[in-house]
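# Structural characterization, general
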Amino acid sequence: MSFKVAIVGRPNVGKSTLFNRLVGKKLALVDDTPGVTRDRREGEAHLGDLDFIVIDTAGLEEATGDSLEARMRRQTDAAIADADVCLLLMDARAGVTPLDKRFAQILRKSPTPVILAANKCEGGAGEAGRMEAYELGLGAPIPLSAEHGEGLSALYQSLQPFADAVTDAEREQAVEDALEREGEGGFDPDAPYEPDLEAPLRIAVVGRPNVGKSTLVNLLLGEDRMMTGPEAGITRDSIGIEWMWRGRRVKLWDTAGMRRRARVVEKLEKLSVADTLRAIRFAEVVAVTLDASIPFERQDLHIADLVEQEGRAMIIVVNKWDVVEDPQAKLRELKEELERLLPQVRGLPIVTLSALTGRGTDKLMPAIEKVHTLWNARVSTAKLNRWLEDAISRHPPPAVKGRAINLKYMSQVKSRPPTFAVFSSRAEEVPTAYRRYLVNGLREAFDLPAVPIRLFMRARKNPFAEKKKRNN
């Protein structure tokens, strides 16, 4: 159990920079452009011996209705309500602005405790602005420099009481639990401690902009956790959310939409795409999400190819299925196009659904769990070599420079994805087409659809050549 700190403030005061400083990683996108952060992001923060959850939020702005700014504001309000303490950040160099005063007034009425911090105070440049911040009525402002890591000791002292309160609550709860177990006779002091080592299933939802990724994530979570709307490109950060599905821990990433490289010219969008690529590399299963009205655009295929190159398990999610007039005919067409356009990953499952209505979403997680199992598949060496012998008898490797290639044996060297090594004295001369034949045969013989298969040709050392070299 740990306490939560929500970093709030108007746009471009350094909230994401401070968030990255506290978590010790560059998780949140940082840029001079105001309003980079839109969705709230949580991270595990460490400050001295304090461990807590820190929440990065969108810049506070005066907005109403259903505008993008208003939706961002609702995300920030949810973070404030969920936090144990709010850290109101202001720009000491710019001084107190009317927007700072307005939101200080709002936070004073909130039941959540507030700590005031004046950022960008490095070198004494913001001293005048820090003194001006007293008029916000939130106590003495802490001088900080998130960029240079200055003033963190003062922040530590301000957060210490909240950590102590959590520690006391944990101690009281532990005593109550122990008494309850003793009364029930269920506590066994001789029983060995068994920590829960089960790692979460890591899933990334990727695709082009405006295909409904955030809407799908919200539906799975059962809450409006991510911002959604008709505007393309709302999501900028790749946000990871912990989730439980049928008793299993899941880490779910909502990612920024990926456009064609030629269209990505702004620095901020390049940062968003880079963040999406990091999410793909960290994921185990990637749900490539398409729009049912315009499936398999060139960019969709490029994204799928990226996932295959990274060696991740993959499924195809066709969203907005509620607008399709003839579902059966459309599904047959999609399967045919998939086999033709992505031959390198045969047997990819297609899950059709509507994130807006919820129809078909019950099929998504079972499909993900199935491909995750295949991604972890293992094949015994005995079975592999019986299969290799049969594959060679049906179609021997072609001769190169008039000499036959002899494939000795093979074994699986790792999983995640399934990776195999074939040993031969002339491994580097095996043609690419024959390697593809072996990969396709492995996929069919051992039922490994939807996952990348890696096949390496390894040269087998000649012991007589080594002996001859030593004698010389």
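Values in this document were obtained by computation on a predicted structure and should not be read as measured data. (Residues numbered from 1 in each chain as written. Predicted model: local features only at pLDDT ≥ 70, side-chain atom pairs only at ≥ 80, totals over all residues. Heavy atoms only, no water.)

So, about the overall build of the protein. Check the secondary structure of the protein and you find 13 helices and 15 strands. Out of the 472 residues in the protein, the part that is buried amounts to 49%. Counted over contacts in the protein with a minimum sequence separation of 6, partners at least 24 positions apart contribute 70%. When the accessible area of the protein is evaluated, it comes to approximately 24300 Å², of which 50% is carbon and sulfur surface. (Helix = DSSP H or I, 4+ residues; strand = E, 2+ residues; numbered from the N terminus. Buried < 20%, exposed > 50% of the residue type's maximum accessible area, 1.4 Å probe, protein only. Contact = heavy atoms within 4.5 Å. Areas by Shrake-Rupley, 256 points an atom, 1.4 Å probe, with all protein chains shown as cover.)

Moving on, we come to the sheet that holds strand 5 (residues 114-119). The 6 strands are arranged 2-3-1-4-5-6 in an open sheet whose pairing can be described as mixed. Strand pairing shows two members of the sheet lacking a second neighbour, strand 2 (41-47) and strand 6 (142-143), which therefore form its edges. Against the sheet, helix 1 (residues 15-23) touches strand 1 (4-8), strand 2, strand 3 (50-56) and strand 4 (85-91), its axis set at about 55° to strand 2. Docked against the sheet, helix 3 (residues 98-109) engages strand 1, strand 4 and strand 5, running at close to 170° with respect to strand 4. (Pairing = 2+ DSSP bridges. Axes fitted to C-alpha atoms, helices over the stretch in contact; angles between N-to-C directions.)

This part is about the sheet that holds strand 10 (residues 285-291). What the 6 strands build is an open sheet, ordered 8-9-7-10-11-12; its pairing is mixed. The open sheet has two edge strands, strand 8 (239-245) and strand 12 (350-352), and neither has a second partner. Between one strand and the next, the sheet's axes are offset by a mean angle of 25°, whatever the strand orientation. Relative to strand 9 (residues 248-254), helix 6 (residues 213-221) is tilted by about 160°, and along the sheet it contacts strand 7 (201-207), strand 8, strand 9, strand 10 and strand 11 (313-319).

Throughout the structure, instances matching the rule amount to 5 aromatic pairs. For the ring pair Trp 253 and Phe 282, a centre distance of 5.2 Å and an interplane angle of 75° mean the geometry is edge-to-face. Of this pair, Trp 253 sits in strand 9 while Phe 282 sits in helix 7 (residues 267-282); the two residues are 29 residues apart in sequence, bridging distant segments of the chain. Taking relative accessible area as the criterion, Phe 282 reaches 44% and is therefore assigned partly exposed. A ring pair is formed by Tyr 409 and Phe 423, whose centres lie 4.7 Å apart and whose planes are at 15°; its orientation type is stacked. You can see Tyr 409 sitting in strand 13 (residues 407-414) and its partner Phe 423 sitting in strand 14 (residues 419-424), a full 14 residues away along the chain. On the accessibility criterion, Tyr 409 (34% relative accessible area) is partly exposed. When the ring centre of Phe 282 is taken as reference, the NZ or CZ atom of Arg 202 above it lies at 4.6 Å. (Phe/Tyr/Trp six-rings, centres within 6.5 Å; stacked < 30°, edge-to-face > 60°. Lys NZ or Arg CZ within 6 Å of the ring centre and 35° of its normal.)

Turning our eyes to something else, we now look at empty space enclosed by the protein. By the definition in use, this model includes 1 cavity of 30 Å³ or more. Roughly 40 Å³ of internal volume is contained in the largest cavity. Contributing to the lining of the largest cavity are Ile 203, Val 205, Leu 216, Leu 220, Leu 252, Ala 287, Leu 364 and Ile 368. Of all elements in the fold, only strand 7, helix 6 and helix 10 (364-375) reach the threshold of two or more residues within the lining of the largest cavity. Along the lines of polarity and charge, the residues of the lining of the largest cavity split into 8 nonpolar, no polar and no charged. (1 Å grid on protein atoms, 1.4 Å probe; cavity = no way out; pocket = protein on both sides within 12 Å on 5 of 7 lines; lining within 4 Å. Points joined across faces, edges and corners; volume = space filled by probe spheres on them. Nonpolar A, V, L, I, M, F, W, Y, C, P; charged D, E, K, R; others polar.)

So, about a negative patch on the surface. Taken together, the side chains of Glu 44, Asp 49, Asp 51 and Glu 242 present a region of like negative charge at the surface. With respect to the helices, strands and loops of the structure, Asp 51 is situated in strand 3. (Patch = residues over 30% accessible without salt bridge, like charges linked within 9 Å, V, L, I, M, F, W, Y side chains within 5 Å. Salt bridge = Lys/Arg side-chain N within 4 Å of Asp/Glu carboxyl O. Lys, Arg positive; Asp, Glu negative; His and termini not counted. Charge placed at Lys NZ, Arg CZ, Asp CG, Glu CD.)

Turning our attention to the confidence of the model for the protein. Mean pLDDT for the protein: 78, with 78% of residues reaching 70 or above. In the predicted structure, residues 174-197 sits below a pLDDT of 50 and forms 2 contacts with residues beyond four places in sequence or in another chain. (pLDDT = per-residue confidence, 0-100.)

With 14 residues, helix 12 (residues 432-445) extends 20 Å between its outermost C-alpha atoms, agreeing within 8% with the 20 Å of an ideal straight helix rising 1.5 Å per residue. For helix 12, every residue scored as buried is listed here: Tyr 434, Leu 438, Val 439, Gly 441, Leu 442 and Arg 443. Where helix 12 is buried, its residues contact helix 11 (381-394), strand 13, strand 14 and strand 15 (454-459). Phi turns positive, to about 55°, at Asp 447, one or two residues after helix 12. (Expected span 1.5 Å × (residues − 1).)

Before going further, it helps to spend a moment on the environment of Lys 401. Position of Lys 401 among the secondary structure elements: in the loop between helix 11 and strand 13. Residue classification places Lys 401 among the exposed positions, given a relative accessible area of 78%. The spacing of Lys 401 and Glu 429 is 28 residues in sequence and 9.6 Å in space, taken between C-alpha atoms.

Right, let's talk about the pairing of strand 5 for a bit. Of all 6 residues in strand 5, 5 are buried; the element is thus mostly enclosed. Both strand 4 and strand 5 contribute to a ladder of 6 bridges, which runs parallel. Looking at the pairing, Leu 87 lines up with Ile 115 of strand 5. Tracing the backbone out of strand 4, into helix 3 and back to the parallel element strand 5 gives a crossover that is right-handed. Once the chain exits strand 5 it traverses helix 4 (residues 127-132) before rejoining the sheet at strand 6, and the crossover so formed is right-handed. (Right-handed = clockwise from strand over helix to strand, strands pointing away.)

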